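Listed below are the residues making up each chain.
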Amino acid sequence: MESYIPISMLNDFIFCPRSIYFHLVHGNVGQDMYHTEVQIKGKSAHESIDNKHYSTRKEILMGFEVYCEKYNILGKIDIFDIKSGKLIERKNKIVKIYDGYVFQVYAQTFALREMGYVVKQIEIYDKTHNKSYPIALPEDDESMFKKFEKVIDDINLFDLNNSEFKPNVEKCKQCIYSHLCDYEIC
Ligand code: SF4
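No experiment lies behind these values; they were computed from the predicted model shown.

(A) How the structure looks around the site of the ligand. Looking at the ligand, the residues that line it are C16, R18, S19, F165, P167, K171, C172, C175, S178, C181, Y183 and E184. Partitioned by chemical class, the residues of the shell around the ligand number 7 nonpolar, 2 polar and 3 charged.

Structural data, given as structure tokens:
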């Protein structure tokens, strides 16, 4: 396990705990080898942010690296408007708001707050459908906040050699790491 949890790992872990092993192992190689078309499109949705093309307004943080000491999480935010306190995470196409999406913006929120920023609103934005989804702040959604903390605990306690792990065939069918995983059952 790395000494910190990448924010991008939260969604992978929920999908399948074993996938975080491959996420880590392949984190430093040519990423396109391990990204499906959907993921590449999602990645391109972030490119204007990473390249800082979205806005030059000083009160807007873009593609900004953040670290949260409390949860030992490292990652990047898409867009944060310092003046309004609005945090936006853009996705290329949203089918549903998965818990992993919410946990990613929670992690970003806690990191920004540790850095002294005031986060008042969270939004996940679907570029394809030009639709915004407001997300309740962690302090306003106790059950989601508890789930978030449990996922962090589960990642910290995860043991790749746990013999009780049971793969899910439907997940294995969609898994981009299936060709590497000795547990895959599809
Ligand atoms: S192939 Fe199946 S068991 Fe292996 S990481 Fe993917 S979903 Fe998990």
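(B) Inspection of the pairing of strand β4 (residues 86-91) at higher detail. Burial runs high along β4: 5 of the 6 residues are buried. Across 3 bridges, strand β3 (residues 73-81) lies against β4 in antiparallel orientation. Within the sheet, the bridge partner assigned to I79 lies in β4 and is I88. What sits between β3 and β4 in their antiparallel hairpin is a turn of 4 residues, with G85 showing a positive phi close to 75°. In terms of strand pairing, β4 meets strand β5 (residues 121-126) through 6 bridges, oriented parallel. From the neighbouring strand, E89 faces β5, where its bridge partner is I124. Note that the unit made of β4, helix α4 (residues 99-114) and β5 has a crossover that is right-handed.

(C) Up close: the packing of α4 against helix α5 (residues 142-157). Between α4 and α5, the least distance of the axes is 10 Å, while the angle of their chain directions is 85°. As far as their axial angle goes, α5 and α4 are roughly perpendicular. Contacts between α4 and α5 involve D99, V102, F103, Y106, A107 and F110 from the former and M144, F145, K147, F148 and V151 from the latter. Of the residues contributing to the contact of α4 with α5, the split by class is 9 nonpolar, no polar and 2 charged.

Definitions and limits used
Throughout, residues of each chain are indexed from 1 in the direction in which the sequence is written. Since the coordinates come from a predicted model, pLDDT governs what is reported: local features require at least 70, and pairs of side-chain atoms require 80 or more to be given and counted, while whole-chain, interface and lining totals use all residues. Computation of side-chain values: all heavy atoms of the structure, hydrogens and water removed. Whether a residue is near a molecule or strand depends on its heavy atoms: it is near if one of them lies within 4 Å of it. Charged means Asp, Glu, Lys or Arg here, nonpolar means Ala, Val, Leu, Ile, Met, Phe, Trp, Tyr, Cys or Pro, and polar covers whatever is left, Gly included. Residue burial is assigned from relative accessible area. The probe radius is 1.4 Å, only protein chains are included, and a residue is buried under 20% of its type maximum, exposed over 50%, and partly exposed in between. Every helix listed is a DSSP run of H or I at least four residues long, and every strand listed is a run of E at least two residues long, numbered separately from the N terminus. DSSP calls a pair of strands paired once it identifies at least 2 bridges connecting them. The path from the first strand over the helix to the second decides the hand: if it runs clockwise while the strands point away from the viewer, the crossover is right-handed. Axis lines are fitted to C-alpha atoms, over the contacting stretch for helices. Their N-to-C directions set the angle, which ranges from 0 to 180 degrees. Angle categories: roughly parallel below 35 degrees, roughly antiparallel above 145, roughly perpendicular from 65 to 115, and oblique for all the rest. A contact between two residues is defined here by any heavy atoms of the two lying within 4.5 Å.

Nothing here speaks to function; it is geometry throughout.
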